[in-house]
Amino acid sequence: MLKTMQKHGVTLAVFAAVLTGLTALVNALTKTTIEEQATKQQKALFDQVIPSDFYDNDLQKSCFVVDAPQLGKGTHRLFIARKGDKPVGAVMEATAPDGYSGAIQLLVGSDFSGTILGTRVTEHHETPGLGDKIETRLSDWILHFAGKVIHGEGDTAFAVKKDGGEFDQFTGATITPRAVVNAVKRAGLYAETLPAQINNLPACEE
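A few points on the structure. Bear in mind that the values here come from a model prediction, so they are computed numbers and not experimental data.

Here we come to the pairing of strand 4 (residues 102–111). Burial runs high along strand 4: seven of the 10 residues are buried. Here strand 3 (residues 86–99) hands over to strand 4 after two residues, the two strands then running antiparallel side by side. In this structure, strand 4 lies alongside strand 5 (residues 116–123), joined through six bridges in antiparallel fashion. Bridge assignment links Ser110 to a residue of strand 5, and that residue is Ile116.

It is worth spelling out the nonpolar core at this point. Counting 38 residues, the largest nonpolar core has Leu78, Met92, Leu106, Phe145, Val180 and Leu194 as the members making the most contacts within it. Among the elements of the structure, strand 1 (63–66), strand 2 (76–83), strand 3, strand 4, strand 5 and helix 2 (175–191) are those that each provide at least two residues to this core. Looking at this core element by element, the count peaks at nine residues for helix 2. In this structure, Tyr55, Ala81, Leu107 and Leu117 belong to the second largest nonpolar core, which totals 13 residues.

Strand order in the open sheet formed by five strands is 1-2-3-4-5, with antiparallel pairing between adjacent strands. Strands at the two margins of the open sheet, each flanked by one partner only, are strand 1 and strand 5. Looking at each pair of strands side by side, their axes are set apart by 25 degrees on average, direction ignored. As paired elements, strand 1 and strand 2 share four bridges and run antiparallel to each other. The residue bridging Cys63 from the neighbouring strand is Phe79, located in strand 2. Across the sheet, helix 2 lies against strand 1, strand 2, strand 3, strand 4 and strand 5, angled at about 150 degrees from strand 3, the strand it touches most.

Moving on, we get to the pattern of salt bridges. The full count for this structure, using the stated rule, is six salt bridges. Arg77 serves as the salt-bridge partner of Glu93, at 2.7 Å between the closest nitrogen and oxygen. Here the residue Glu93 occupies a position in strand 3, and Arg77 occupies one in strand 2, the gap between them amounting to 16 residues. For Glu93, a relative accessible area of 22% corresponds to the partly exposed category. Asp168 is paired through a salt bridge with Lys161; the nearest N and O atoms lie 2.7 Å apart.

Calculation notes
Residues numbered from 1 in each chain as written. Predicted model: local features only at pLDDT ≥ 70, side-chain atom pairs only at ≥ 80, totals over all residues. Heavy atoms only, no water. Buried < 20%, exposed > 50% of the residue type's maximum accessible area, 1.4 Å probe, protein only. Helix = DSSP H or I, 4+ residues; strand = E, 2+ residues; numbered from the N terminus. Pairing = 2+ DSSP bridges. Core = buried A, V, L, I, M, F, W, Y, C linked by side-chain atoms within 4.5 Å. Axes fitted to C-alpha atoms, helices over the stretch in contact; angles between N-to-C directions. Contact = heavy atoms within 4.5 Å. Salt bridge = Lys/Arg side-chain N within 4 Å of Asp/Glu carboxyl O.

By themselves, these figures tell us nothing about what the structure is for.
What follows is the structure, encoded as structure tokens:
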């Protein structure tokens, strides 16, 4: 009986070791592919919020981490776009904390003079059929940020129409677009402060 148990124990140990080895091998073989796909997806998203001819550096490798209340609670990544050696704009991760169903995650492209280059929603939990029109697959609403200029903190035009601004709200849903518009405005205003602090921004970890 003891020998049988020992035999089964050894068999299980060998099986576990082989399985662990196979798992490690598969992970090693697929890690590069997964990272390459993630890089391509990120680049495709960047292309939607900042024109490719606006900059000529490797935007994905110009990554910094900031703790800026204007972008939302906690730390956010931003990517500095350069033309030659001159910083010309940024792609920023931002959070609209006051969506109807919780925080809305955004990617905002902006120059340093208040012009929004593009915006996309990367994550949200808004109500289907109402607030989810912030997605490009359902509406072109989010596309209207491109080219809009923020004329300072007190720019009342950079708001939804219900608040006296120029951005449409959705029928039966004002909270969601208001949250996005305000978050984009805050991000754009923050971008204007970046030239003075670029040399002191902490780089993203590899």
